[in-house]
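Structural overview
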Amino acid sequence: MNDSQRPNDRQRRPRASNNAGSEGFSDGRLVEVHNQLALDKEEPSEGFALLPVIIVFLFCGFGFWAGLYLTRNADSFNPGSFDLDAPRALADNGPREFEPDPVKGEKLFVMNCASCHQATGLGLPGAFPPLAGSPWVAGNEDRMIKIIIGGLAGELEVKGAKYIGAMPNIGANLKDAQVAHIATYVRQAWGNTAGPVTDAKVAEIRKAMGVHGSYSPAEILQAHPLETK
Ligand code: HEC
């Protein structure tokens with residue numbers, strides 16, 4: 001307490017006793033009441049209580065655990081981590097193993113391809129070539145992966161019919177796994193019987209393509225001639 005406060009204290013005390021009459025409390029009575037009130041309070045103790053310390057530690061521990069949990073499971077906050085195509089992590093958190101999944105492929109096909117090639121895979125005569133029974137789809141998968149990622153424009157023939165149109169580079173905006181699911185689906189739907197496609201294969205082709213504009217049918221066929229007619 002500093003000196004400037006003392007006069008105030010002194011002033012207050014006389015006033016309290018002056019008022020005692022009107023409020024009905026003498027000094028002695030005040031002390032008595034105060035003592036009684038003090039009895040109800042716990043005795044102040046030295047040292048510190050253990051419980052708050054434990055709670056602080058629990059909170060720190062919880063924060064640490066939450067951080068660890070996020071780092072392990074947030075997949076670097078990658079917005080695509082809950083996508084249909086997300087490769088399933090193995091139960092033991094080991095390396096992720098890709099399973100080409102025609103069911104996911106079908107959903108992705110409907111979203112990305114069916115507007116032109118139709119859900120039936122039959123395309124539209126004169127505009128969009130069929131994928132069902134197409135020799136472009138069968139055989140070596142590199143051809144279709146390149147078409148999906150790079151796009152295709154120019155005249156081509158599918159199952160005896162000529163088409164001259166342009167397919168956009170849909171796959172440029174899709175992930176390797178998504179392209180793999182779609183390619184797997186297309187190669188096995190509507191009676192097609194080609195093998196599945198892995199995301200690793202798509203990644204390999206994408207890397208080899210580098211920055212590549214739309215393919216012409218001639219360029220694709222030169223690199224990957226049709227195995228069947
Ligand atoms: C905007 C319309 C459009 C979309 C969407 C589209 N394509 Fe195409 N696609 C075409 C056209 C047009 C051609 C023929 C291009 C040409 O004439 O050179 C073609 C050709 C192809 C071919 C080779 C020819 C054949 O019939 O086998 C394949 C394979 C193919 N598309 C697969 C796909 C897949 C898979 C998707 C979805 C990822 C897709 N396309 C999305 C329009 C489209």
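As a reminder, the structure under discussion sits directly above these lines.
Scope of this entry: the structure provided in the associated data block. Source: prediction; values computed, not measured. (Residues numbered from 1 in each chain as written. Predicted model: local features only at pLDDT ≥ 70, side-chain atom pairs only at ≥ 80, totals over all residues. Heavy atoms only, no water.)

Counting its regular elements, the protein contains 9 helices and 2 strands. When the elements of the protein are put in sequence order from the N terminus, they spell out α-α-α-α-α-α-β-β-α-α-α. Burial analysis of the protein (229 residues in total) assigns 28% to the buried set. Within the protein, contacts between residues at least 6 apart in sequence are counted, and of these 60% link residues at least 24 apart. When the accessible area of the protein is evaluated, it comes to approximately 15,600 Å², of which 59% is carbon and sulfur surface. (Helix = DSSP H or I, 4+ residues; strand = E, 2+ residues; numbered from the N terminus. Buried < 20%, exposed > 50% of the residue type's maximum accessible area, 1.4 Å probe, protein only. Contact = heavy atoms within 4.5 Å. Areas by Shrake-Rupley, 256 points an atom, 1.4 Å probe, with all protein chains shown as cover.)

A few words now on the site of the ligand. Near the ligand lie 29 residues; those nearest to it are C113, C116, H117, G154 and M167. In the environment of the ligand, an oxygen atom lies 2.6 Å from a nitrogen or oxygen atom belonging to the side chain of S134. Every element with two or more residues in the shell around the ligand is listed here: helix 5 (114–117), helix 6 (141–150), strand 1 (152–158) and strand 2 (161–167). When its residues are assigned to classes, the shell around the ligand shows 24 nonpolar, 5 polar and no charged. (Near = heavy atom within 4 Å. Polar contact = N/O pair within 3.5 Å; in protein donor to acceptor, adjacent residues only side chain to side chain. Nonpolar A, V, L, I, M, F, W, Y, C, P; charged D, E, K, R; others polar.)

Every regular strand shows the same layout, with side chains that alternate between the two sheet faces. Relative to strand 2, strand 1 is paired through 7 bridges, and the arrangement is antiparallel. Along strand 2, the bridge assignment pairs G154 with G165. With antiparallel pairing between neighbouring strands as the criterion, strand 1 and strand 2 make up a hairpin whose turn holds 2 residues, including K159 at a positive phi of roughly 50°. (Pairing = 2+ DSSP bridges.)

Attention now goes to the packing of aromatic side chains. As enumerated under the stated definition, the model contains 5 aromatic pairs in all. Relative to W65, the ring of F62 has its centre 5.8 Å away and its plane inclined at 35°; by these criteria the two rings are tilted. Placement of both F62 and W65 in helix 3 (residues 50–73) is noted, with a separation of 3 residues, approximately one turn of the helix. When the ring of W65 is compared with that of Y69, the centres are 5.4 Å apart and the planes differ by 35°; the resulting orientation is tilted. Here the residue W65 and the residue Y69 both occupy positions in helix 3, the gap between them amounting to 4 residues, near one helical turn. Judged by relative accessible area, Y69 falls into the partly exposed class, the value being 47%. (Phe/Tyr/Trp six-rings, centres within 6.5 Å; stacked < 30°, edge-to-face > 60°.)

Bringing the coordination of the iron atom of the ligand into the picture now. By definition of the ideal shapes, a tetrahedral metal site with four donors has angles of 109.5 degrees and an octahedral site with six donors has angles of 90 or 180 degrees. Around the iron atom of the ligand, the donor atoms from the protein are H117 (NE2) and M167 (SD), and they sit 1.9 to 2.1 Å away. Its relative accessible area of 11% is what places H117 among the buried residues. (Donors = N, O, S within 2.8 Å, 3.2 Å for Na, K, Ca; no water.)

Attention now moves to the nonpolar core. Membership of the largest hydrophobic core comes to 32 residues, with the highest contact counts inside it found for F109, W136, L152, I182, V186 and V202. Among the secondary structure elements, those contributing two or more residues to this core are helix 4 (102–112), helix 6, strand 1, helix 7 (176–188) and helix 8 (199–209). Considering every element that reaches this core, the biggest residue donor is helix 7, with 7 residues. If we skip the residues at most four places from it in the chain, V186 touches F109, L131, V137, M144 and N192. (Core = buried A, V, L, I, M, F, W, Y, C linked by side-chain atoms within 4.5 Å.)

To continue, consider helix 3. With 24 residues, helix 3 ought to run about 34 Å at 1.5 Å a step, and its terminal C-alpha atoms sit 34 Å apart, in line with that. Within two residues after helix 3, D75 carries a phi angle of roughly 55°, on the positive side. (Expected span 1.5 Å × (residues − 1).)

The geometry of helix 4 relative to helix 7 is characterised by a closest axis approach of 7 Å and an angle of 95° between their N-to-C directions. Between helix 4 and helix 7, the interaxial angle falls into the category roughly perpendicular. Seen from helix 4, the contacting residues are P102, K104, G105, E106, L108, F109 and N112; seen from helix 7, they are Q178, H181, I182, T184, Y185, V186 and Q188. Grouping the constituent residues of the contact of helix 4 with helix 7 by class yields 6 nonpolar, 6 polar and 2 charged. (Axes fitted to C-alpha atoms, helices over the stretch in contact; angles between N-to-C directions. Parallel < 35°, antiparallel > 145°, perpendicular 65-115°, else oblique.)

Turning to unusual backbone geometry, a few remarks are in order. We note that Q118 has phi near 70°; this positive angle belongs to a residue other than glycine. You can see Q118 is positioned in the loop between helix 5 and helix 6. The phi angle at K159 is positive, at roughly 50°, despite the residue not being glycine.

It is worth spelling out the pattern of salt bridges at this point. All chains considered together, the criterion is met by 6 salt bridges. In this structure, K201 and D142 form a salt bridge, with 3.3 Å as the shortest nitrogen-oxygen distance. Within this pair, whereas K201 is found in helix 8, its partner D142 is found in helix 6, the two being separated by 59 residues in sequence. A relative accessible area of 13% means that D142 is categorised as buried. The closest approach of N and O atoms between E157 and K162, which form a salt bridge, is 3.4 Å. Connected through salt bridges with shared partners, the residues D142, K201 and E204 form a single ionic network. (Salt bridge = Lys/Arg side-chain N within 4 Å of Asp/Glu carboxyl O.)

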